[in-house]
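This is what each chain is made of:
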Amino acid sequence: MRRRRLVLYLVLLLVAAGAGLAVWLGVGKANDEPRYRTEKLDRGNISQSVSANGTLNPVKLVNVGTQVSGTVKKLNVDYNDRVSAGQVLIELDDALFAASVRQSQANLASAQASLLLSQSNAARVAALFQKEYVSRQENEAAQQALASARAAVDAARAQVERDQVNLAHTIIRSPVSGVVVAREVDVGQTVAASFQTPTLFRIAQDLTKMQIDTSFAEADVGAIKVGQAVRFRVDAFPDRSFKGQVRQVRLNPTTQQNVVTYNVVVEVDNPDYALLPGMTAYVTVLVSSKSDVLRIPNAALRFRPAQAASEPRAGRQKRDASRATIHVLREGAPVAVPVTTGITDGRFTEFVSGELTANEPLVVEDLKAPKANAGSNPAGGQPGAFRMRMF
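Rules used throughout
- Residues numbered from 1 in each chain as written.
- Predicted model: local features only at pLDDT ≥ 70, side-chain atom pairs only at ≥ 80, totals over all residues.
- Heavy atoms only, no water.
- Pairing = 2+ DSSP bridges.
- Helix = DSSP H or I, 4+ residues; strand = E, 2+ residues; numbered from the N terminus.
- Buried < 20%, exposed > 50% of the residue type's maximum accessible area, 1.4 Å probe, protein only.

Visitor: Would you mind showing me how to read the pairing of strand S18 (residues 348-354) here?
Guide: Along a regular strand, successive side chains alternate from one face of the sheet to the other. In this sheet, S18 lies alongside strand S15 (residues 280-297) in antiparallel orientation, the contact comprising 3 bridges. Its bridge partner being in S18, Ile296 is matched across the sheet by Thr349. Here strand S17 (residues 333-344) pairs with S18 via 4 bridges, running antiparallel. Across the sheet, Thr341 pairs through a bridge with Phe351, a residue of S18. Where S17 folds back onto S18 in an antiparallel hairpin, the turn is made up of 3 residues, including Gly346, whose phi is positive at roughly 95°.

Structural data, given as structure tokens:
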């Protein structure tokens, strides 16, 4: 019995000694590890850009409609067909319009016959008036009837011309040369042009020249200028980068949910017809670029020491020169240093001025700071609570 107790005491003593040794080694190792991760100023290039999404569209997209109503009798073109200016695209049933032309022509013939009769009557009355066989009133009435007959002929002739124009409009021709990108009708369909002109076709005049209509936030549009270089990509070619340039910054704003955006038009060359109308373009506009400048890692601008956690955070860094605060590791502790910064590319920011040398370590992370999920227990218990495993 006494021997068994002695063995138990020895085991407990060894366990305690091992735990103490582990703690001592852990503390020693922790003391040897650096607390802060640092980086230094470096020299390089910075390109500042702004990004937005947009839609590829033809530079000139013509909507072809009809001025008359009718039923589609013949369709001469389809999607992706190339057409030339004046080419017949569609023909409407012209039976009613042809009948109207014949009727108006008959009315014109009748008016012309009435004019001949009025001319003869006016000449006869005028001769009798010269011999004082008829009154002045009868002569004036004959002249007025002649003028009315001439007006009736003019009206009938205008009606003929109108009906002929309507008849000609049953044959719809392409106003420009280009490519048919949309067809809205089919044979047998009735189109009505009573209140507004229906769209029958959409023709892109030249798909080798396209444009991107983008929407940039008001915070970014101030840095965008006409002629700036643009790079963009599309989902159809994820490994290919396309080029363009800013052609126009439109002054008409769009407001949605209190967010103001401006349409920026980017002109694009499309010599191989790879880009298609309607594609989504992910646009990046190069607004500023500087070469061989001192650069601050953006992580150093975001770092805040633990003792300053309760202080208000600095606002969003501006893209132009602005004031900022970084922390330099001096004598093992982070020291706040105000600096003036310039443009940024999201990873580095231009260092303009400040009490900082190129070799000083800039604090970018506190390696011993508590993490956001520190102390959490996957099992759902209280943080740090001791749980005994039951065998």
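Text resumes after the structure shown.
Visitor: How should I be thinking about the sheet that holds strand S7 (residues 171-173) in this particular structure?
Guide: Note on sheets: strands pair through backbone hydrogen bonds, and any given pair is parallel or antiparallel. Ordered by their spatial adjacency, 4 strands build an open sheet running S7-S6-S4-S9, and the pairing between neighbours is antiparallel. Edge positions in the sheet fall to S7 and strand S9 (190-191), since each of these pairs with one other strand and no more. Alignment of strand S6 (residues 88-92) against S7, held across 3 bridges, turns out to be antiparallel. Following the sheet pairing, Glu91 is matched in S7 by Ile171.

Visitor: Looking at this model, I keep getting lost on unusual backbone geometry. Mind explaining?
Guide: Negative phi characterises most residues that are not glycine, and trans characterises most peptide bonds. Non-glycine residue Gln257 carries a positive phi angle of around 55°. Its location among the elements puts Gln257 in the loop between strand S13 (242-256) and strand S14 (259-269). One non-glycine residue, Tyr273, lies in the positive phi region at around 60°. Secondary-structure assignment places Tyr273 in the loop between S14 and S15. Judged by relative accessible area, Tyr273 falls into the partly exposed class, the value being 36%.

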